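As a plain string of letters, each chain reads:
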Amino acid sequence: FYDLVINNTNASAATDDIILADALDVNNDITITDGDMQGGGFDINIAGSWSMASTGTFTAQSSSVEFDDASKVSTISGNTAFYNLLIDTPSKRVDWEAGTTNTVTNAFTVDGQALGTKVDLNSATPDTQWTINTPAANAYVNYADIQDSESVEASINAYNSEDSGNNENWIF
C-alpha cells in the first residue's frame, strides 16, 4: 500500500475493520479514522505517519510496528497502544503529537546505529511534551536525539544519545 485509511462507514457493524492475516508494508501513511485495525502477530512497516483518531482503534495483540524510511519524517498522532514499537532506521525522524500518550506494552526499541545517524524523536509542537508509557526494562534506546518528551513508567536509559531539552524521566 501507499496510504492506508481505515474509516468504518457503518457504525453498527465491524465490516470495515481490518484483521491482518500477514505482514503489512505501507510506503506512506496509516490513518485510522474509525474502526479497528487488529495487528495479530504480524509486522507493520510504515514509511510515513501514523494517525489515530479518537474514534479509531488499534488492537496491537503481539504485532510490531516499525517506522522505516529515513527519507520521510514520520508523525505519530493520537493516543495509541503498541505491543512492539521499533524505530531503528539510521537518521530516521519521528515527531510525536504534543500532549498525547503512546503506550508500548512490550519492546520499545530506538536505535540510530551510530553517532552520525541518530534517530530524532521530537514533539510536533516545540516546547510541548509528548509522552511515552513503556516499562523502562523493555526499552532499548541507543543513538537518539530526544526533545520534549516524558517517560511515564520510570526513567529510560538513552545510551549514546543527546538530550535536546525539555525531557523528563530519561537518563542520558
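1. A few points about unusual backbone geometry
And step 1. Of note in this structure, tyrosine 143 is not a glycine but carries a positive phi near 55°.
And step 2. The topology assignment puts tyrosine 143 in the loop between β17 (139–142) and β18 (144–146).
And step 3. For aspartate 148, which is not glycine, the phi dihedral falls at a positive 60°.
And step 4. Tracing the backbone shows aspartate 148 in the loop between β18 and β19 (149–151).

2. Some words on the packing of aromatic side chains
And step 1. Per the counting criterion, the structure on display carries five aromatic pairs.
And step 2. Taken together, a centroid distance of 5.3 Å and an interplanar angle of 55° make the contact between tryptophan 50 and phenylalanine 82 tilted. In this pair, tryptophan 50 sits in strand β6 (residues 50–52) while phenylalanine 82 sits in strand β10 (residues 81–82), placing the two residues 32 residues apart along the sequence. Phenylalanine 82 carries the same exposure label as tryptophan 50, and that label is buried.
And step 3. Between phenylalanine 58 and phenylalanine 82, the ring centres sit 6.2 Å apart and the planes meet at 55°, which makes this aromatic pair tilted. Here phenylalanine 58 is found in strand β7 (residues 56–59), whereas its partner phenylalanine 82 is found in strand β10, with 24 residues between them in sequence. In this structure, phenylalanine 58 and phenylalanine 82 share a single accessibility class: buried.
And step 4. Chaining the aromatic ring pairs together yields one cluster made of Trp50, Phe58 and Phe82.

Conventions we followed
Residues numbered from 1 in each chain as written. Predicted model: local features only at pLDDT ≥ 70, side-chain atom pairs only at ≥ 80, totals over all residues. Heavy atoms only, no water. Helix = DSSP H or I, 4+ residues; strand = E, 2+ residues; numbered from the N terminus. Phe/Tyr/Trp six-rings, centres within 6.5 Å; stacked < 30°, edge-to-face > 60°. Buried < 20%, exposed > 50% of the residue type's maximum accessible area, 1.4 Å probe, protein only.

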